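# Secondary and tertiary structure notes
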Amino acid sequence: MPRLSVNVDHVATVRQARGGKNPDPVTAALLAELAGADGIIVHLREDRRHIQDRDVEILRRVVKTKLNLEMANTEEIVRIALRVKPDMVCMVPERRQELTTEGGLNVTAQQKALKQNIARMKKAGIRVSLFIDADPAQVKASRAVGADFVEIHTGKYSDAPDEESQKKEFQRIARAIAQAHKLGLRVNIGHGLDYQNVAPFTSVPQIEDYSIGHSIIARAVLVGLDRAVREMKELIQPRKEK
């Protein structure tokens, strides 16, 4: 059955807006787990705009499901990951000016650097995922550098201006998922998925994990985190034919 990993970065964003202690992303993570989340995701950015080192360290001690650390492929963050030892890391591109991750990692352009740090992670017992666009060359390169997983970027699908464009993006993602699976890569998806657009992906059996943050936290503001997580968990389950 597909799993749901909840990204709690935006809880930290609200906290950092006032520079205080609340709301605490660690507490949010624990509540998400109690509601049925199969994993917790945080992105420790180089500029520490939301998640802080303290959050990652505490989460490593208290998360009972799976802790997935999103990170840039930089020496500082790699060393933190090797020290904290999350269950998984997801390497992503990172720009200081962006509001959120804007696209997939260009694996083909940095294979040597990625291969070296992926090997370091795997030696430490940390599984590695690469956040990539639904591009055949990027899927192939991800396999070549030794990744365990790819997380296919669904941002263009989520931002599609009309139904036809969204359908084309879905088909492109589905092809990338099939290619990755054929190459022996395990597959997650994420970015921009919400309660209205996630349903079509339930027809793709190779998806192991849905990485969803903003839409769950946004709904939690209105209905509570427990209900928001439970509703999304229900939506990602394959539909039974009547």
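This section reports on the structure supplied with the text. (Residues numbered from 1 in each chain as written. Predicted model: local features only at pLDDT ≥ 70, side-chain atom pairs only at ≥ 80, totals over all residues. Heavy atoms only, no water.)

### Things to note about the layout of surface pockets
- Volume-wise, the second largest pocket comes out at about 170 Å³.
- Forming the walls of the second largest pocket are His10, Val11, Val14, Pro23, Asp24, Thr27, Ala28, Leu31, Ile217, Ala220, Val221 and Leu225. (1 Å grid on protein atoms, 1.4 Å probe; cavity = no way out; pocket = protein on both sides within 12 Å on 5 of 7 lines; lining within 4 Å. Points joined across faces, edges and corners; volume = space filled by probe spheres on them.)

### Some details on the pattern of salt bridges
- Scanning all chains against the criterion turns up 19 salt bridges.
- Note that arginine 54 and aspartate 24 form a salt bridge whose closest N and O atoms lie 3.2 Å from each other. Here aspartate 24 lies in the loop between helix 1 (9-18) and helix 2 (25-34) and arginine 54 lies in helix 3 (residues 53-62), a separation of 30 residues in the sequence.
- When the shortest N-O distance is used, the salt bridge between arginine 49 and aspartate 47 registers 3.3 Å.
- Note on aspartate 47: relative accessible area 30%, which makes it partly exposed.
- Sharing partners across several salt bridges, the network here consists of Arg15, Asp24, Arg54 and Asp55. (Salt bridge = Lys/Arg side-chain N within 4 Å of Asp/Glu carboxyl O. Helix = DSSP H or I, 4+ residues; strand = E, 2+ residues; numbered from the N terminus. Buried < 20%, exposed > 50% of the residue type's maximum accessible area, 1.4 Å probe, protein only.)

### Notes on unusual backbone geometry
- Here asparagine 22 and proline 23 are connected by a cis peptide whose omega angle stands at -5°.
- Residue position: proline 23 is located in the loop between helix 1 and helix 2.
- With phi around 60°, lysine 85 is a residue other than glycine that occupies positive phi space.
- If you trace the backbone, lysine 85 turns up in the loop between helix 4 (75-84) and strand 4 (88-91).
- Taking the relative accessible area as the measure of exposure, lysine 85 reaches 43% and is therefore partly exposed.

### Looking at the environment of histidine 153
- By the element assignment, histidine 153 lies in strand 6 (residues 149-153).
- For histidine 153, a relative accessible area of 8% corresponds to the buried category.
- In this structure, the C-alpha to C-alpha distance between histidine 153 and arginine 219, residues 66 residues apart in sequence, is 22 Å.

### Examining the sheet that holds strand 2 (residues 39-43)
- Sheet architecture is closed into a barrel: eight strands sit in the order 1-2-3-4-5-6-7-8, paired in parallel fashion. Direction aside, the axes of adjacent strands within the sheet are offset by 25° on average.
- Of the strands in this sheet, strand 2 and strand 3 (67-71) touch helix 3, which is tilted by about 155° from strand 3. (Pairing = 2+ DSSP bridges. Axes fitted to C-alpha atoms, helices over the stretch in contact; angles between N-to-C directions. Contact = heavy atoms within 4.5 Å.)

### Here we look at helix 4
- Ile77, Val78, Ile80, Ala81 and Val84 are the residues of helix 4 that are buried. Each buried residue of helix 4 lies within a common arc of 160° when the element is viewed along its axis, so the set occupies one face. Residues Arg79 and Arg83 are exposed on helix 4 and point more than 90 degrees away from its buried face.
- Its buried side turned inward, helix 4 meets helix 3, strand 3, strand 4 and helix 5 (111-123).
- Positive phi appears at lysine 85, one or two residues downstream of helix 4, with a value of about 60°. (Arc of directions from axis to C-beta.)

### Details of the pairing of strand 3
- When you tally the buried positions in strand 3, you get five out of five residues, the bulk of the element.
- Relative to strand 3, strand 2 is paired through four bridges, and the arrangement is parallel. Within strand 3, the position partnered with isoleucine 40 by the bridge is leucine 67.
- Crossover handedness for the path strand 2 to helix 3 to strand 3: right-handed.
- Examined bridge by bridge, strand 3 and strand 4 share four bridges and lie parallel to one another. Directly across from asparagine 68, in strand 4, lies its bridge partner methionine 88.
- Note that the unit made of strand 3, helix 4 and strand 4 has a crossover that is right-handed. (Right-handed = clockwise from strand over helix to strand, strands pointing away.)

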